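Reading the structure
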Amino acid sequence: MSAASARAETLARLAREQFDLLVIGGGINGAGIARDAALRGLRVALVEKEDFASGTSSRSSRLVHGGVRYLEHGHFHLVFESSRERRTLLDIAPHLVRPLEFTWPVYAGARVPRWKLAAGLMLYDVLALFRNVAVHRRLGARDVAGREPALRRDGLTGGASYYDAATDDARLTLANAIGAAEAGAVVANHVAVRALVRGAGVARGARSEDVLASHGGGGPTIDITALITVNATGPWSDELRRLEDPGAAASVRGTKGVHVAVPRERIGNRGALTLLSPIDGRVTFVLPAGPRHTIVGTTDTATDVEPGEVRATREDVEYLLRTANAYFPDAHLHPDDVVSAWAGIRPLVASGYGGAGDAASASREHAIARGPSGVITISGGKLTTYRAMSAEVVDTVCRTLGRSGTASTQARALPGGDLRSPARETDAARQALGAARAAAAEWLVGAYGSRWRAVWALAESDRALAAELSPGLPYIAAELVYGVTREMACTLGDLLIRRTHLAFETRDHGAAAAAAAAAIVAPVAGWDDAEIARQLAAYERESARIFAVDQ
Ligand code: FAD
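Residues numbered from 1 in each chain as written. Predicted model: local features only at pLDDT ≥ 70, side-chain atom pairs only at ≥ 80, totals over all residues. Heavy atoms only, no water.

1. Observations concerning the site of the ligand
Taken together, 38 residues lie around the ligand, and Glu48, Ser57, Ser61, Leu63 and Thr384 are the ones closest in. A distance of 2.7 Å separates a nitrogen atom of the ligand from a polar backbone atom of leucine 63. The separation between an oxygen atom of the ligand and a polar main-chain atom of leucine 383 is 3.1 Å. Here the ligand has 1000 Å² of accessible area as a free molecule, and 96% of this is covered by the chains. Contributing elements (two or more residues each) for the shell around the ligand: helix 2 (28–39), strand 8 (191–199), strand 11 (252–263) and strand 16 (340–349). Of the residues belonging to the shell around the ligand, the class tally is 13 nonpolar, 19 polar and 6 charged. Two domains each put at least three residues into the shell around the ligand: domain 1 (3–56 + 170–248 + 371–401) and domain 2 (65–167 + 253–351). (Near = heavy atom within 4 Å. Polar contact = N/O pair within 3.5 Å; in protein donor to acceptor, adjacent residues only side chain to side chain. Areas by Shrake-Rupley, 256 points an atom, 1.4 Å probe, with all protein chains shown as cover. Helix = DSSP H or I, 4+ residues; strand = E, 2+ residues; numbered from the N terminus. Nonpolar A, V, L, I, M, F, W, Y, C, P; charged D, E, K, R; others polar. Domains from an automatic or database assignment.)

2. Overview of the domain arrangement of the protein
When the domains of the protein are assigned, the result is domain 1 (3–56 + 170–248 + 371–401), domain 2 (65–167 + 253–351) and domain 3 (422–547). On a C-alpha basis, the centres of domain 2 and domain 3 stand 29 Å from each other. In this complex, domain 2 contributes 20 residues to the contact, which on the side of domain 3 involves 21 residues. Each partner contributes to the roughly 1400 Å² buried at the junction of domain 2 and domain 3, and carbon and sulfur atoms together form 55% of this total. (Contact = heavy atoms within 4.5 Å. Buried area = accessible area lost by both parts, 1.4 Å probe.)

3. A few points about the side chain of aspartate 337
You can see aspartate 337 is positioned in the loop between helix 11 (314–327) and strand 16. Separated by 3.0 Å, the side chains of aspartate 337 and arginine 266 make a polar contact. Excluding residues within four positions of it along the chain, aspartate 337 makes contact with Ala261, Val262, Pro263, Arg266, His332 and Arg507.

4. Here's the deal with the nonpolar core
Generally speaking, nonpolar side chains in soluble globular proteins are found buried as a group. One finds Phe102, Trp104, Tyr162, Val260, Ile267 and Phe328 to be the most contacted residues of the largest nonpolar core, which totals 52 residues. Considering every element that reaches this core, the biggest residue donor is helix 11, with 6 residues. Residues in contact with phenylalanine 102, not counting those within four places in the same chain, are Leu63, Arg147, Ala160, Ser161, Tyr162, Asp164, Ala272, Leu273, Thr274, Phe285 and Leu287. Trp456, Tyr475, Ile476 and Ala489 belong to the second largest nonpolar core, which has 48 residues in total. (Core = buried A, V, L, I, M, F, W, Y, C linked by side-chain atoms within 4.5 Å. Buried < 20%, exposed > 50% of the residue type's maximum accessible area, 1.4 Å probe, protein only.)

5. Quick notes on the pairing of strand 16
With 8 of its 10 residues buried, strand 16 lies for the most part within the structure. As paired strands, strand 11 and strand 16 are joined by 10 bridges and run antiparallel to one another. Each residue of the ladder has a partner; that of histidine 259, found in strand 16, is tryptophan 342. (Pairing = 2+ DSSP bridges.)

Okay, here's the thing in structure tokens:
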């Protein structure tokens, strides 16, 4: 079946079938809920107005972490839960969630002195029940300098190393959406909910629109019928809640977080670091990203901007560069060094929401609440804990439906996660691709897990598809075809921003690669010349919307 007819069939099923559960929003929470519910045997529909992970779930620090910073505030239960989930995700998605060792350097007069850091990291190990990848280690100044030679030496008193995990937020979300579809859910991106459908005052699904077919103006509507509707729209939660209850008070409070990517050789870090910003004491991460870049983040500022329009400002970029320069004295990073800058909105639970009224469950981190016509809204949380939150939401759905069943997601590999040994699989990929393509081999295994072979098989049957998409980056043309035919990618943005991350790693955010990408995809996606032109124009708008830096 062609990609276009597969999508047409999915949309027809959305309109035709009766669902137990409609999930609105294909971020990590919505995708996780859909997969869990489908695995429990519910008839599930999942719709996402743009692409899976196009909201906050592709703008995170890409960490699956216990949350070292929660220790300072005494939120031990959050660290405990996050550490457990870190262990679970390392097991069920070993390709997408990989151990990452951090160095935390300590300087004279630091807000967190060495003794406090050591005590905190001991507690971190205890709360992980000593099941983290490895326990923390105290480091002397010489050890820290040996590990990270480019760090400032002046005032360095020592530090520590500890483990968390690195992830690919967009592909972790996608793996859940694909996993939901494979478990029987009807899953569609580029379908936006515009209104709720009610029967006798009770939500019975939603009226949605095929945004791709609309080309910017009223596309075909699809009425989706479901017994229960879940609102998992993250920073858009209140917009959706007001479709149900126009007077609903705010449930989420947005704070903006910005990251910048710079060439690794310009900053000079070897691994991941946890730093305290000398400007305001905020925890700042310096994170290796792919073979060539380093990401520095993040900021934390209150915002009420429309979530789809959130971007970095020049001030945000300068804050992050000043922080990095304070620790890497030879870097002298300047805004011209920034390859890309982007922002996301943390959908934090608004104070006063979720703990009262018809709240099904609430914590400082997340809340599950029911609206007047029965729509269940999940707010807050973080990427790390999505699986546990999803299970909690689906438990609530099952109770409401009078269905039994408990989550099995803690023990089921995500798509591609059925790998015995990522290292052995990477060796196999290196052999298949050849020594000169080692970075591509690593990327393919990391992104697709055991399914890298299916991507590479496309390149073996058509050598043109083995070509790299952008000089020096690991992405290959076969991924575009795979993305369209196997991963529900519908636009160039889906392919260049979220299936691959080319847009984050090129100064022009994929502009130079876009036309060639469109030509590769056109025959499998069924794009004619007019559609190619439309796709290129839409890509230019989307990449500017995400990566432009506001003054
Ligand atoms: P989203 O990902 O925003 O998903 C909501 C989706 O709903 C969107 O895709 C949107 O398009 C869709 N939608 C909206 N309206 C409609 C509609 N009408 N119809 C259909 N679909 C609709 N967590 C971690 O664990 N580790 C980290 O390292 C980390 N770092 C972070 C750094 C930053 C800067 C930020 C901002 C957050 C970070 N987080 C981290 C938190 C984490 O990223 C978020 O908690 C998580 O991604 C939220 O997911 P979500 O599914 O709730 O929201």
